[in-house]
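One-letter residues, chain by chain:
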Amino acid sequence: MNFFLLVGKGKIYGVVWAQRRCFLQVKYQLYGSHYFPYIFYLLNYLTNRLVDALDTLWIMGLQTEFKEGRDWVKESLSHTLVGEVSTFETTIRSLGGLISAYDLSDDIIFLKQAEYLAPRLFKAFESPSGLPRGRVNLKTGKSRLSGSGSSYVLAEVASLQLEFAYMAIATGKDEYRTKSEKVFDILKRITPRDGLMP
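On a predicted model such as this, the values are computed, not experimentally measured, just so you know. (Residues numbered from 1 in each chain as written. Predicted model: local features only at pLDDT ≥ 70, side-chain atom pairs only at ≥ 80, totals over all residues. Heavy atoms only, no water.)

Caption draft 1: Fine view of the side chain of S180. Mapped onto the secondary structure, S180 falls in helix α9 (residues 175–190). Accessibility expressed as a relative area gives 0% for S180, which makes it buried. Side-chain polar atoms of S180 contact the backbone oxygen of R177, separated by 3.2 Å. If we skip the residues at most four places from it in the chain, S180 touches F122, F125, Q161, F164 and E175. (Helix = DSSP H or I, 4+ residues; strand = E, 2+ residues; numbered from the N terminus. Buried < 20%, exposed > 50% of the residue type's maximum accessible area, 1.4 Å probe, protein only. Polar contact = N/O pair within 3.5 Å; in protein donor to acceptor, adjacent residues only side chain to side chain. Contact = heavy atoms within 4.5 Å.)

See the structure below:
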């Protein structure tokens, strides 16, 4: 369904203008960050925002902005510059953004970048419990639990499966699906009788 059929004509220009403005803000912040490569947290945050916006740009018909984003992904996106990242945020925003942009556009550049990122994020699943750790270093592959390092966050461990299932289909590497969906078996075993997880 065309985006413009879903939004009333009087609101179209405001919505498109707002999306375009957000894209430009992120673009200028991110392009400027090349001069400050030591700001790893900011760089990862802005990268996630730009990549996460690609599918919205496509759906809204903002092809000029989508092409700019695509060119940046091809020429400048680096997953090893930032070091340690949130497994959850980087999976749903960067990996999810790349594979949704690929799914919509069939542009292989997005899948190649996703293939480069996915195995680095997937290191988070290499834990004794089988549950993905909340933080992973994209350079070294080392992972750790989020926060104080003593517990997992349910929303994080149980919401990464969609992106990895798609990667399994797109790459033929079924381990992405089987290992990430094993989380559901683990959670089923430890779920209390009332069904409420802490």
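On we go from here.
Caption draft 2: Molecular detail of the sheet that holds strand β2 (residues 135–137). Taken in spatial order, the 3 strands make up an open sheet running β1-β2-β3, and their pairing is antiparallel. For this open sheet the edge positions go to β1 (84–86) and β3 (143–144), each flanked by a neighbour on one side alone. Here β2 runs beside β3; their pairing, made up of 2 bridges, is antiparallel. Looking across to β3, one finds that R135 is bridged to R144. (Pairing = 2+ DSSP bridges.)

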